[in-house]
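As a plain string of letters, each chain reads:
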Amino acid sequence: MEEQELTRLPGEVVESYRQPPPGEMVETYSRPLPGSPRRPAPAPPPPARRRSKKGLWIFLGCFVLAAVLAAAAFLWNRSVSGHTRPDPFDYDFQEPGETGRPQGIAIPLWPADQGVSLPLEREHGASLTAQEVYRRVNPAVVVVLADLGDGSASVGTGVLFTRDGYLLTNYHVVEGGQECTVALDSGRGYEAKFVAGDADSDLAILKVEGQDLPAAAFGDSDLLAVGDKVYAIGNPLGVELRGTLTDGIVSAIDRDVEVEGRTMTLLQTNAALNSGNSGGPLINEYGQVVGINTIKMTSRYSSVEGLGFAIPTAYMERIVNDLLTFGSLQPEPVLGVTVLQVAEQVEEDLWGIEVQSVSENSPADKAGVREGDYVLSAGGRAVNSSQDLLRVRRQHHLGDELSVTLWRDGEIIEVTLSLTEPAA
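Rules and cut-offs
- Numbers given to residues run from 1 along each chain, matching the order in which its sequence is written.
- In keeping with the model being predicted, local features are shown solely for residues with a pLDDT of at least 70 and side-chain atom pairs are shown and tallied solely at 80 or more, while totals for entire chains, interfaces and linings include all residues.
- The side-chain figures draw on all heavy atoms in the structure; neither hydrogens nor water molecules are used.
- Only DSSP runs of H or I covering at least 4 residues are called helices, and only runs of E covering at least 2 are called strands; the numbering of each starts at the N terminus.
- With a 1.4 Å probe rolled over the protein chains alone, any residue whose accessible area is under 20% of its type maximum counts as buried; one over 50% counts as exposed, and the rest are partly exposed.
- By definition, residues are in contact when any of their heavy atoms lie within 4.5 Å.
- In short, Shrake-Rupley with a 1.4 Å probe defines the accessible areas, and a residue's cover is counted only from the protein chains shown.
- Pairing between strands is defined by DSSP: at least two bridges between the two strands are required.
- In protein, a polar contact means a hydrogen-donor-capable atom and an acceptor-capable atom, both N or O and within 3.5 Å, with residues adjacent in sequence counting only if both atoms are side-chain atoms; elsewhere, any N or O pair within 3.5 Å suffices.
- Among the buried residues, those of types Ala, Val, Leu, Ile, Met, Phe, Trp, Tyr and Cys that are joined through side-chain atoms within 4.5 Å form a nonpolar core.
- Two rings from Phe, Tyr or Trp (for Trp, the six-membered ring) form a pair when their centres sit within 6.5 Å of each other. Planes less than 30 degrees apart are called stacked, planes more than 60 degrees apart edge-to-face, and all others tilted.
- Counted as over-ring charges are cases with an Arg CZ or a Lys NZ within 6 Å of the ring centre that also lie within 35 degrees of the ring normal.

Peer 1: Which parts of the structure should I look at to understand the overall build of the chain?
Peer 2: When helices and strands are tallied, the chain shows six helices and 23 strands. Of all 424 residues assigned to the chain, the portion counted as buried reaches 44%. Taking the intrachain contacts of the chain between residues at least 6 apart in sequence as the baseline, contacts between residues at least 24 apart amount to 66%. Carbon and sulfur atoms make up 52% of the accessible area of the chain, which amounts to about 22,400 Å² in all.

The structure is reproduced here in structure tokens:
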């Protein structure tokens, strides 16, 4: 019997598996099966006679058949498509991130700075049916099994984003791992290497050696709106239910959630997420991955349903590309302005966000930005909200220069910010 454990509020989506104690599982049913004809009252018992051994022979036959099936399943799990892989039920699945679990990652490394990046598609085609979304994305969804080196393992989900084997998952899925194996939906298994990861953003990049692998397309989560249709694919409760599709809507955007002492800004969805969904994709109705599922809200005191959270692609784009290029996160620059959240119309067909304050000696101050200015665009992109400006900032590094278009008292002004100061 499996034992799934839910974590604290809000806990990370985790998987726990404990092998059942030795013993037989039996079932008894004392009443007629539904729909069966009612039987007459039983006749008096016949005189005692020699017991038939028919039941014994049936029992022995069933026992032998069960043994044969168990052996066949064991052999299949040990070798799929010519690849030997560990039987996941030889492990005691632990809760990723649980107290006492080894910290850090000791999985063999794959070098960063190989010219790989995570591209986000800003455009999309027509909306797809649930069946079309599943057929398009599920081949790129993998089971991630991290061997913790003590006879236990962590299991989660991942998603391939290049055809030569780069994939994303949650950091907490592989944390403490000594070795890592991933399996495609076909059952084909691969040894995975660790490229880089960041615990605070709960993202990790793995690499398997393969060619022409299925890869998912990643879309821009900034294009989502509350109420948009989304889907999740993952391995709830581990490998037995791998490739499970659930659906729902975007329940909230930019939701700040406290997780293990840090605040994460996440997408909220009512698509069902369960233990083992960690690291799996949240997908829009166009078949594009727009988030990496990371946590499910739980409570010790009441039933909580439909409160799942995913890391939005717009937030993780810079993080993943830093990890791919440098092997670690690079400091974000500061602009030095405080702006209103939404744009206002300053002229006909002209919108911008108002600058409320400018920090002294900041890049904005040195470039001549003033309180009361309106930011029309930054880095060549229109700015219609504070999130747009934040998005532009996230795409730049220390030492970059950022062009900004301002509206001031009826005049359009061009300034250039030298991003030389790191964000606090």
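Peer 1: How do you make sense of the pairing of strand β9 (residues 189–198) when you look at a structure like this?
Peer 2: Where a strand is regular, its side chains alternate between the two sheet faces. The buried fraction of β9 amounts to eight of the ten residues, a majority that puts the element mostly inside the structure. Direction of pairing for strand β8 (residues 179–183) relative to β9: antiparallel, over a ladder of three bridges. Considered in β9, the bridge of alanine 183 is made with glycine 189. As consecutive antiparallel partners, β8 and β9 are separated by five residues, and within that stretch glycine 187 has a phi angle of approximately 95°, a positive value. Judged from the six bridges that link them, β9 and strand β10 (residues 203–208) form a sheet pairing that is antiparallel. The partner of glycine 197 across the bridge, within β10, is alanine 204. If you look at the hairpin formed by β9 and β10, you'll find four residues sitting between the two strands, and aspartate 202 has a positive phi there, around 60°.

Peer 1: Can you help me understand the side chain of threonine 246 in this one?
Peer 2: Residue placement: threonine 246 occurs in strand β12 (residues 244–259). Within the structure, the side chain of threonine 246 is placed 2.9 Å from the backbone oxygen of alanine 272, a separation counted as a polar contact. Contact partners of threonine 246, with chain neighbours within four places excluded, come to Val230, Tyr231, Ala232, Ala271 and Ala272.

Peer 1: Can you walk me through unusual backbone geometry in this structure?
Peer 2: The general pattern is negative phi for most residues beyond glycine and trans for most peptide bonds. In this structure, aspartate 113 takes a positive phi of about 60° despite not being glycine. Under the relative-accessibility criterion, aspartate 113 is labelled exposed at 54%.

Peer 1: I would appreciate a short explanation of the nonpolar core in the present structure.
Peer 2: Burial of nonpolar side chains together is a common tendency in soluble globular proteins. Counting 54 residues, the largest nonpolar core has Val144, Phe161, Leu168, Val174, Val182, Ile205 and Phe218 as its most contacted members. Within the second largest apolar cluster, 19 residues are counted, among which are Val383, Val404, Ile413 and Leu419.

Peer 1: Looking at this structure, I do not really get the pairing of strand β23 (residues 411–418). What am I missing?
Peer 2: Pairing of strand β22 (residues 401–408) with β23 involves eight bridges; the strand directions are antiparallel. Across the sheet, leucine 402 pairs through a bridge with leucine 417, a residue of β23.

Peer 1: For this particular structure, what's the right way to read the side chain of arginine 318?
Peer 2: You can see arginine 318 is positioned in helix α4 (residues 313–326). A polar contact of 3.1 Å, which involves the side chain of arginine 318, links it to the backbone oxygen of proline 331. At a separation of 3.4 Å, a polar atom in the side chain of arginine 318 contacts the main-chain carbonyl oxygen of histidine 396. Look past the residues within four positions of arginine 318 in its chain and what remains in contact with it is Gln330, Pro331, Glu332, Pro333, Arg394, Gln395, His396 and His397.

Peer 1: How do you make sense of the packing of aromatic side chains when you look at a structure like this?
Peer 2: Working definition: an aromatic ring pair is given by the centre-to-centre distance plus the angle between the planes. Applying the stated criterion across every chain, the model contains three aromatic pairs. Both rings, one in phenylalanine 161 and one in phenylalanine 218, keep their centres 6.3 Å apart while their planes meet at 80°; by these two values the pair is edge-to-face. Linking phenylalanine 161 in the loop between β6 (152–160) and β7 (166–169) with phenylalanine 218 in the loop between β10 and β11 (229–234), this pair joins segments that are 57 residues apart in sequence. As far as burial versus exposure is concerned, phenylalanine 161 and phenylalanine 218 are alike and both buried. Through a chain of ring-to-ring contacts, the aromatic side chains of Phe161, Tyr166 and Phe218 assemble into a single cluster. The ring of tryptophan 110 has lysine 207 sitting right over it, with the charged end atom 4.5 Å from the ring centre.

Peer 1: Quick question: what am I supposed to make of the environment of serine 154 here?
Peer 2: Positionally, serine 154 belongs in strand β6. A relative accessible area of 0% places serine 154 in the buried class. Along the sequence, serine 154 and valine 144 sit ten residues apart, while their C-alpha atoms lie 8.1 Å from each other. Polar side-chain contacts of serine 154 include one of 2.8 Å to the backbone oxygen of valine 173.

Peer 1: Hey, could you run me through the environment of valine 159 in this one?
Peer 2: With respect to the helices and strands, the residue valine 159 is situated in strand β6. Classification of valine 159 as buried rests on a relative accessible area of 0%. Sequence spacing of valine 159 and isoleucine 233 is 74 residues, and the spatial spacing of their C-alpha atoms is 9.5 Å. Residue contacts for valine 159: discarding those within four places in its chain leaves Ala140, Val142, Tyr166, Leu167, Leu168, Ala216, Phe218, Gly279, Pro281, Val289 and Ile292.

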